[in-house]
Amino acid sequence: HLASISSSSGALILATDMIYHFEYVKKFQTCLQCPLSATCCSHRPALSDFPDQKLLSMIMLIKAADLCNVIRPFDVAERWGTCLQTEFYDQVTYI
(Lines give C-alpha, C1' and ligand atoms only; values in the text may rest on other atoms or scores of the structure.)
Protein backbone atom coordinates (compact mmCIF):
# COMPACT_ATOMS: atom_id res chain seq x y z
CA HIS A 1 0.00 0.00 0.00
CA LEU A 2 2.86 2.39 0.85
CA ALA A 3 4.44 1.75 -2.56
CA SER A 4 1.16 2.67 -4.23
CA ILE A 5 0.94 5.93 -2.29
CA SER A 6 4.56 6.73 -3.13
CA SER A 7 3.98 6.02 -6.80
CA SER A 8 0.82 8.16 -6.88
CA SER A 9 2.59 11.00 -5.08
CA GLY A 10 5.40 10.91 -7.60
CA ALA A 11 2.96 10.94 -10.51
CA LEU A 12 1.12 13.92 -9.01
CA ILE A 13 4.32 15.90 -8.52
CA LEU A 14 5.54 15.14 -12.03
CA ALA A 15 2.15 16.12 -13.45
CA THR A 16 2.95 19.76 -12.75
CA ASP A 17 5.75 19.63 -15.36
CA MET A 18 4.48 21.71 -18.28
CA ILE A 19 6.31 19.50 -20.78
CA TYR A 20 3.48 16.96 -20.41
CA HIS A 21 0.62 19.44 -19.97
CA PHE A 22 -1.08 18.93 -23.32
CA GLU A 23 -0.63 15.16 -23.15
CA TYR A 24 -2.52 15.05 -19.83
CA VAL A 25 -5.21 17.41 -21.11
CA LYS A 26 -5.73 15.30 -24.23
CA LYS A 27 -5.96 12.08 -22.19
CA PHE A 28 -8.42 13.73 -19.81
CA GLN A 29 -10.58 15.03 -22.66
CA THR A 30 -10.58 11.60 -24.27
CA CYS A 31 -11.51 10.03 -20.96
CA LEU A 32 -14.42 12.44 -20.53
CA GLN A 33 -15.69 11.73 -24.04
CA CYS A 34 -15.38 7.98 -23.75
CA PRO A 35 -15.87 6.34 -20.34
CA LEU A 36 -13.79 3.26 -19.56
CA SER A 37 -16.90 1.09 -19.73
CA ALA A 38 -17.46 2.00 -23.39
CA THR A 39 -16.29 -0.55 -25.91
CA CYS A 40 -16.85 1.59 -29.01
CA CYS A 41 -13.86 3.89 -28.62
CA SER A 42 -10.71 2.57 -30.19
CA HIS A 43 -8.98 5.95 -29.64
CA ARG A 44 -9.27 5.68 -25.86
CA PRO A 45 -5.85 5.69 -24.11
CA ALA A 46 -4.59 2.30 -23.04
CA LEU A 47 -5.39 1.40 -19.45
CA SER A 48 -1.68 0.92 -18.88
CA ASP A 49 -1.22 4.67 -19.49
CA PHE A 50 -3.48 5.50 -16.54
CA PRO A 51 -4.52 2.42 -14.57
CA ASP A 52 -7.58 4.22 -13.27
CA GLN A 53 -9.53 7.38 -13.81
CA LYS A 54 -9.00 8.32 -10.18
CA LEU A 55 -5.28 9.01 -10.70
CA LEU A 56 -5.96 10.98 -13.88
CA SER A 57 -8.58 13.04 -12.03
CA MET A 58 -6.13 13.74 -9.21
CA ILE A 59 -3.50 14.77 -11.77
CA MET A 60 -5.93 17.22 -13.37
CA LEU A 61 -6.85 18.70 -9.99
CA ILE A 62 -3.17 19.20 -9.15
CA LYS A 63 -2.60 20.82 -12.55
CA ALA A 64 -5.55 23.18 -12.02
CA ALA A 65 -4.29 24.15 -8.57
CA ASP A 66 -0.77 24.63 -9.91
CA LEU A 67 -1.87 26.84 -12.80
CA CYS A 68 -4.42 28.93 -10.91
CA ASN A 69 -1.84 31.02 -9.05
CA VAL A 70 -1.32 33.24 -12.10
CA ILE A 71 -4.95 34.40 -12.02
CA ARG A 72 -5.06 35.26 -8.33
CA PRO A 73 -4.86 38.87 -7.16
CA PHE A 74 -1.19 39.92 -7.14
CA ASP A 75 -0.84 40.19 -3.35
CA VAL A 76 -2.18 36.65 -2.90
CA ALA A 77 -0.06 35.26 -5.75
CA GLU A 78 3.04 36.97 -4.37
CA ARG A 79 2.56 35.49 -0.87
CA TRP A 80 1.90 32.05 -2.36
CA GLY A 81 4.99 32.32 -4.57
CA THR A 82 7.12 33.28 -1.57
CA CYS A 83 5.84 30.24 0.35
CA LEU A 84 6.71 27.98 -2.59
CA GLN A 85 10.18 29.44 -2.89
CA THR A 86 10.77 28.84 0.81
CA GLU A 87 9.53 25.25 0.51
CA PHE A 88 11.74 24.55 -2.51
CA TYR A 89 14.76 26.09 -0.79
CA ASP A 90 14.13 24.02 2.34
CA GLN A 91 13.85 20.83 0.28
CA VAL A 92 17.20 21.44 -1.38
CA THR A 93 18.84 22.48 1.87
CA TYR A 94 17.79 19.36 3.77
CA ILE A 95 18.57 16.78 1.10
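Scroll up a little and you will see the structure.
First things first, this report covers the structure right here in the doc.

Further remarks concern the nonpolar core. A general feature of soluble globular proteins is that nonpolar side chains tend to end up buried together. Core analysis: the largest hydrophobic core is formed by 8 residues, namely Leu 12, Ala 15, Tyr 24, Cys 31, Leu 55, Leu 56, Ile 59 and Met 60. Breaking this core down by element, the ones donating at least two residues are α2 (21-33) and α3 (53-67). Per-element accounting of this core gives the leading share, 4 residues, to α3.

Their axes nearest at 11 Å, the elements α2 and α3 cross at an angle of 130°. With respect to their mutual orientation, α2 and α3 come out oblique. Relative to α3, the crossing made by α2 is left-handed. Touching His 21, Tyr 24, Val 25, Lys 27, Phe 28 and Cys 31 of α2 are Gln 53, Leu 56, Ser 57, Ile 59, Met 60, Lys 63 and Leu 67, all from α3. Taken together, the residues of the contact of α2 with α3 sort by class into 8 nonpolar, 3 polar and 2 charged.

Each value, and the rule that gives it
All residue numbers here refer to positions counted from 1 along the written sequence of the relevant chain. For this predicted model, a pLDDT threshold of at least 70 governs which residues receive local features, and a threshold of 80 or more governs which side-chain atom pairs are given and counted, while totals over whole chains, interfaces and linings are taken from all residues. As a rule here, side-chain values come from all non-hydrogen atoms in the structure, and water together with hydrogens is ignored. As used here, the term nonpolar core means buried Ala, Val, Leu, Ile, Met, Phe, Trp, Tyr and Cys residues forming a set that is joined through side-chain atoms within 4.5 Å. For every residue, the accessible area obtained with a 1.4 Å probe (protein chains only) is divided by the maximum for its type, and the residue is called buried under 20%, exposed over 50%, and partly exposed between those limits. A run of H or I in DSSP counts as a helix once it spans at least four residues, and a run of E counts as a strand once it spans at least two, with each numbered from the N terminus. Working convention: axes come from line fits to C-alpha atoms, limited for helices to the stretch in contact. Angles between N-to-C directions cover 0 to 180 degrees. Roughly parallel here means an angle under 35 degrees, roughly antiparallel means over 145, roughly perpendicular means 65 to 115, and every remaining angle is called oblique. By convention the crossing between two helices is left-handed if the near helix lies anticlockwise of the far one by an angle smaller than a right angle, and right-handed if it lies clockwise. Contact between two residues is taken to exist if any of their heavy atoms lie within 4.5 Å; hydrogens are not considered. Residues are sorted three ways: Asp, Glu, Lys and Arg are charged, Ala, Val, Leu, Ile, Met, Phe, Trp, Tyr, Cys and Pro are nonpolar, and all the rest, Gly among them, are polar.

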